[in-house]
Each structure stands twice: as C-alpha cells, then as structure tokens.
There are 2 protein chains.
Amino acid sequence: MEAIADNASSLLRETSLFSAWPEALLNTLLTQSKKVTLGSGDILFVEKATANAFYLVLSGRIHLIAAAATGQEKIVEIIQINDLFAEAVAFLGGCYPVTAAADGPTTVLEIPLALFLEILEQKPQLMRQMLARLSMRLHFLVKELRHLSVESAEQRLASYLLELCPVVNNPAVIELPAKKAAVAARLGLTPETLSRVLSRMRKAGLIEVEQRTISIPDPLALRRWAGGH
Amino acid sequence: MEAIADNASSLLRETSLFSAWPEALLNTLLTQSKKVTLGSGDILFVEKATANAFYLVLSGRIHLIAAAATGQEKIVEIIQINDLFAEAVAFLGGCYPVTAAADGPTTVLEIPLALFLEILEQKPQLMRQMLARLSMRLHFLVKELRHLSVESAEQRLASYLLELCPVVNNPAVIELPAKKAAVAARLGLTPETLSRVLSRMRKAGLIEVEQRTISIPDPLALRRWAGGH
DNA sequence: CGCGAGATTGATCGCCCTCAAGGTAAGTGG
DNA sequence: CCACTTACCTTGAGGGCGATCAATCTCGCG
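Residues numbered from 1 in each chain as written. Chains lettered and ligands numbered in written order. Predicted model: local features only at pLDDT ≥ 70, side-chain atom pairs only at ≥ 80, totals over all residues. Heavy atoms only, no water.

Asks: Outline the overall build of chain A, listing residues and values.
Replies: Within chain A, the secondary structure is distributed over eight helices and eleven strands. Taken against the 2.2 N^0.38 rule, which gives 17 Å for 229 residues, the C-alpha radius of gyration of chain A at 19 Å falls within 12% of a compact globule. C-alpha extents for chain A along the principal axes are approximately 55 × 40 × 30 Å. Looking at chain A as a whole, 52% of its 229 residues qualify as buried. Taking contacts inside chain A between residues at least 6 apart in sequence as the whole, the part at least 24 apart equals 69%. As displayed, chain A offers around 10200 Å² of accessible surface, 52% of which is attributable to carbon and sulfur atoms. (Helix = DSSP H or I, 4+ residues; strand = E, 2+ residues; numbered from the N terminus. Rg over C-alpha atoms; globule rule 2.2 N^0.38 Å. Buried < 20%, exposed > 50% of the residue type's maximum accessible area, 1.4 Å probe, protein only. Contact = heavy atoms within 4.5 Å. Areas by Shrake-Rupley, 256 points an atom, 1.4 Å probe, with all protein chains shown as cover.)

Okay, structure coming up:
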C-alpha cells in the first residue's frame, strides 16, 4: 500500500498537470485515490456512464473507444503509461464520452473528481495549467479530425510514424505502441489495410519492418512520398 | 461607434462564457476590442498564424477550415451568430489550428488575448467557466471524430439533421445553416453525395426538402432508418 | 509437435469521389 | 416580358480506395 502510493506519487509528479503541485496537496489527493488492476480487455468505464473519477495509467495501456450504433468501433486514443485521461470531464460533471478498456494487463490510479475539484477551486494557478492542458487536447483532436477527413491511409500512417520519430532529420528506429490491429484502429483503418500500406512503404525502400519495430532511414523522404499519395 | 459597442455588449452578455462577467470588466474588454467587417470568402486568419485575438460573430457566419497538403479542405465547424471561436488558443499562446473564412458578409468582434488573459488571471471563477467551455468543445470534437470515422454518409447526415431538431419526438421543420455545399463540407462529404443522400431520404418518405428548408415528419423514424445503413 | 493469436496476402465488393452534363431559380439589361 | 447570365443544385456514368471475406503464413508456447 505504501509502495503503491510512493510509485503513484512519483508518476503523478512526472505528469505535466501535477508537476507543480505542492507535496501536501498531492498526498491529500493520493490518500483518496486507489489503484485499480485490470486484465486484458477489461472495461474501466463505458460511454455515457456518470463520471466520478479520472485516471492515471500506472502500467499497461488503455484504449479510448468510440462505438457507433452499428457496432463498429474506433480507437480515439491509446493512453500510455504515465498519461492522464478523462480529466476533462471534471468540469462538466457529466458522463464519459468514450469507453475505456485495458489493452493487456493494466493498472490505473483512480482519482476522485470531487476532491480534485475542491483543491482546484482554491488554487487558480493550477486551473491555468488545466486550461493549457485542455487546449492542447483540443488542438490534438482538431488535427485528428483533419487526418481522418482529408488524408489517405498512406498519409495517416506516415504522419503517425513521423510523430513517433524523435527527430525528423535523422534516421530513426521506432516501436509501435501496441499490436498492429490496435494501431490500425487508432488510425481508422483495418489491420489488412495497415499491413498493405506498410508493405508498400517497405517496397518503396522507405521503412523496414520487424515485428513492432520500424526503422525509418529517411523520415523526410517518407513525408515527401506520402505527400504524393 | 457607441452603437457598435452597445450591440456587441448585449451579444457578449448572451454568450455563456461572458454571461456572469461584471459590467465593468466587460466594458474594459470592449474598449480594447474592435469590430471587423468581412466580405464573402474573406480570410479572418489562417492556420498556423500567431494568435493575438479571439472572436465573436456579430452577424453572418464563419467557417473554420482545415486543409491538407493536397489542397483538400474540410469545414471543421460552422460558427453562427453570437458564437465565440478561437478562444481556446488563449491558453497556449500559440497559433491558430485552423483557417477562418467568412461565409457571406460577416462582422466579428475581435477581442485581444492579452487583456482577456490578464482579466482571467484575477478572476478564478471565470477560469472555471472557461474550463467547462473547453470541456464541452472536447466532447463535441470527440463526437465528431466518431461521426467521421465509423459512420456512413446516411448516418452522418441523419445525426446532423437530428441535432438541428428542437425536439426529437415531434415533427420538425428545420433550416440548413448554410448553402448545401458548405453543409456537405461540414459533414465531410461532397455536394453531390449530400444531394444524393437527401434524395434517398426523400424517396424513403423521411424528409421533405425545399431549398434550405427541410421538414422531418418523424425524427425517430429517421434515426432508425439511418441505423440500418 | 500442434495449437492459437496475430499478421499477411489475395479476390471481390460497396461506398463515395470525380468528372461531366443538365436543371432550377434569382438577378440583369434590353 | 423575355433572352441572358450566374450561382447553386441535381443527376448520371465511371473509377478508386479501403472494407470484407477467406486462405495462408509466422511465431511463440504448452
């Protein structure tokens, strides 16, 4: 229990949102939070459920999924270790807009909204940070909208790979953050299409694929290639 | 000039963001703001430009447009009269994520970011409202992502029409907020496809179309029909 | 080895875009 | 009042991208 708290504390401190919080407040928050362990595919919360808490990924991965009436699903975002999610619902006091499911064994820290809001109310500068954070998410989603609506499969995958590159000028070797089927869903594609596009890029000499490891000798060439379809 | 300020003041007060602002602060903001008149197609700001202000639509309409490298365009949102836009950039101090263009003759109120931030800094409860507002936009965009990625043209148009209905149980007569080509772009479709889908709905007896006026005898039937492709 | 999950590859199909040709309606000038 | 113009919408034919369905392949593992 103590070990868990310590682990969570250090992880919390690493997030941009909490990095500037005073120790005392962070501890208060932690005593009210609890660790949740999930198996592969377990549902943390479902779309439209009343939101009582938000979450920090301690280990594993969480998929945020939007489902249509027809049963089709789209992974809106893949939440990695040490990322916060669902924190935006706090200010609406409403319900979750997506479903959250574990991708493999995963542990998350569940932080109650009520206490969080109470603390925030007394610390305006923390609010300012929340605002910046939400703005960043807004920009991210706007960018996603563009990707989905006006870019081809090649362009979407290329953008995605380029985002994973630390620097765009040098050769890079990157690791896909999840199994390919999940990456495909994240990009709004089927696994088959993802496979074919990767294959096309490989044949064009732009990337090399080995399991989840992808090496990109010339990221800029990849970007140019995607530009011309 | 005085008339302009009065008009803008009353409009500002009607927006959820400013409705709770004290008169004095609102006037301070107004004296620093200025009215901008735009002709059809005029660009208010372009994507990636440094953001110095955000805007309130006083009359007409503004299209927020995301463009791809290939030149294709998608209307992310259609901003109606009395709606704020671009206010989210304030907290990043960065650049606009989309391009804003006037749809027909339009006037907007240009509100400088610097002053706005300064006021906000001193009024925590106003920040709280900003947070709620940004959360709402986040939810809106998440919903949009779902629409674009997992729904068909029929479903997207049906959802769009249903959102324009005041109540979903009763017959409704609604007015498209812009010319059909713009609505199509807003839905991620071409004008041709929009026309065809409208035609299909008409032949199914679900709607009647007269210029921009659309009557929906049974919104629920429309929703059911869209569910089954 | 055999099993099963994930990845690949091929064949086919459907939705939506593109290109092209009317069609409708409102506004001009004679 | 009527040709003419212009903007917008509609309708049709054809094609491409990515989904679907199905078969095969790879690899880790009991």
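Asks: Could you give me a rundown of the protein's contact with DNA strand C, with the residues and numbers involved?
Replies: Around DNA strand C, the structure places 16 residues, and the nearest of them are Lys179, Lys180 and Arg196 of chain A together with Ala153 and Thr193 of chain B. In this structure, Thr190 of chain B approaches DNA strand C through a side-chain N or O atom, which is 3.1 Å from a phosphate oxygen. Glu192 of chain B places a side-chain nitrogen or oxygen 3.1 Å from a base nitrogen of DNA strand C. Mapped by element, the contributors of at least two residues to the surface near DNA strand C are α6 (180–186) and α7 (191–203) of chain A together with α5 (153–164) and α7 (191–203) of chain B. Among the elements that line the surface near DNA strand C, the one with the most residues is α7 of chain A, at four residues. A class-by-class count of the residues in the surface near DNA strand C yields three nonpolar, six polar and seven charged. (Near = heavy atom within 4 Å. Polar contact = N/O pair within 3.5 Å; in protein donor to acceptor, adjacent residues only side chain to side chain. Nonpolar A, V, L, I, M, F, W, Y, C, P; charged D, E, K, R; others polar.)

Asks: Give me the lowdown on the pattern of salt bridges, citing residues and values where you can.
Replies: Per the counting criterion, the structure on display carries 16 salt bridges over all chains. The salt bridge partner of Glu47 of chain B is Lys48 of chain B, with a shortest N-O separation of 3.9 Å. Where Arg137 of chain B meets Glu77 of chain B, a salt bridge forms, and the shortest distance between an N and an O atom there is 2.9 Å. Here Arg137 of chain B is found in helix α4 (residues 124–150), whereas its partner Glu77 of chain B is found in strand β5 (residues 73–79), with 60 residues between them in sequence. One exposure class covers both Arg137 of chain B and Glu77 of chain B, and it is buried. Three or more residues are tied together by salt bridges with common partners; here these are Glu47 and Lys48 of chain A together with Arg146 of chain B. (Salt bridge = Lys/Arg side-chain N within 4 Å of Asp/Glu carboxyl O.)

Asks: Before we move on, can you summarise the confidence of the model for chain A with the specific residues and values?
Replies: Looking at chain A as a whole, the pLDDT averages 85, with 93% of positions reaching at least 70. Here helix α1 (residues 2–14) of chain A stands out as the element of chain A with the lowest mean pLDDT, 64, in contrast to α7 of chain A, whose mean of 96 is the highest. (pLDDT = per-residue confidence, 0-100.)

Asks: Run through the UniProt feature "domain: HTH crp-type" (unreviewed entry) in chain A, naming residues and quoting values.
Replies: The feature "domain: HTH crp-type" (unreviewed entry), as annotated in UniProt, sits at residues 151–220 of chain A in this numbering. Here residues 151–220 of chain A runs as 49% helix and 16% strand, with 18 Å between its end C-alpha atoms. (UniProt positions renumbered as here; feature names shortened; annotations may be inferred.)

Asks: Can you lay out the domain arrangement of chain A for me, pointing to particular residues and giving the numbers?
Replies: Residues and elements named next belong to chain A. When cut into domains, chain A gives domain 1 (8–139) and domain 2 (151–227). Distance between the C-alpha centres of domain 1 and domain 2: 28 Å. In this assembly, nine residues from domain 1 lie in contact with eight residues from domain 2. In total, domain 1 and domain 2 occlude about 630 Å² of area from one another, counting both sides; carbon and sulfur atoms represent 59% of this. The largest per-residue losses of area from domain 1 upon contact with domain 2 belong to Lys74, Ile75 and Ile78, which jointly make up 53% of the total buried on that side. Connecting domain 1 to domain 2 are zero salt bridges. For the pair domain 1 and domain 2, the interface holds one residue pair in polar contact (both at pLDDT 80 or more). It is strand β5 (residues 73–79) that contributes the most residues to the side of domain 1 that touches domain 2, five residues altogether. (Domains from an automatic or database assignment. Buried area = accessible area lost by both parts, 1.4 Å probe.)

Asks: Pulling in residues and values, what's your account of the relation of the copies chain A and chain B?
Replies: Between chain A and chain B, which share one sequence, the superposing operator has a rotation angle of 179° and an axial displacement of 0.1 Å; the RMSD is 0.1 Å. Taken together, the turn and the small shift mark the pair as related by a two-fold rotation axis. Comparing interface residues between copies, 100% of those in chain A also sit at the interface in chain B, which points to an isologous, same-surface contact. (Least-squares fit on C-alpha atoms with pLDDT ≥ 70 in both.)

Asks: If you had to explain the pairing of β5 of chain B to someone new, which residues and values would you point to?
Replies: Residue and element names in this part refer to chain B. Here β5 lies mainly inside the structure; six of its seven residues are buried. Note that strand β4 (residues 62–67) and β5 share six bridges and pair antiparallel. When the sheet's bridge partners are listed, Ile62 is paired in β5 with Ile79. (Pairing = 2+ DSSP bridges.)

Asks: For the interface of chain A and chain B, give the residues involved together with the corresponding values.
Replies: Taken together, the 41 residues of chain A in the interface contact 41 residues of chain B. Of the roughly 3900 Å² buried between chain A and chain B, counting both surfaces, carbon and sulfur atoms make up 75%. Looking at the side of chain A facing chain B, the largest losses of area belong to Leu131, Leu138 and Leu145 of chain A, adding up to 17% of the total buried there. Linking chain A with chain B are two salt bridges. At the level of elements, β4 (62–67), β5, α3 (113–121) and α4 (124–150) of chain A are the ones that each hand at least two residues to the side of chain A that touches chain B. With 20 residues, the single largest contributor to the side of chain A that touches chain B is α4 of chain A. A per-class count over the side of chain A that touches chain B returns 25 nonpolar, seven polar and nine charged.

Asks: If you had to explain the packing of helix α5 (residues 153–164) of chain A against α7 of chain A to someone new, which residues and values would you point to?
Replies: When two helices pack together, their arrangement is given by the angle between the helix axes and the distance between those axes. Residues and elements named next belong to chain A. Relative orientation of the contacting elements α5 and α7 amounts to 75°, with a least axis distance of 10 Å. The angle between the axes of α5 and α7 places the two elements in the roughly perpendicular class. Here α5 contributes Ala153, Glu154, Leu157, Ala158 and Leu161 to the contact with α7, which in turn contributes Thr193, Leu194, Val197, Leu198, Arg200 and Met201. Here the residues of the contact of α5 with α7 are counted per class, giving eight nonpolar, one polar and two charged. (Axes fitted to C-alpha atoms, helices over the stretch in contact; angles between N-to-C directions. Parallel < 35°, antiparallel > 145°, perpendicular 65-115°, else oblique.)

Asks: Lay out α7 of chain A in plain terms, naming residues and giving numbers.
Replies: All names here are of chain A. The end-to-end C-alpha distance of α7 is 18 Å, a good match for the 18 Å that 13 residues give at a rise of 1.5 Å each. Packing partners of the buried residues in α7 comprise α5, α6, β10 (208–210), β11 (213–216) and α8 (219–227). Backbone geometry just after α7 places Gly205 at a positive phi near 75°. (Expected span 1.5 Å × (residues − 1).)

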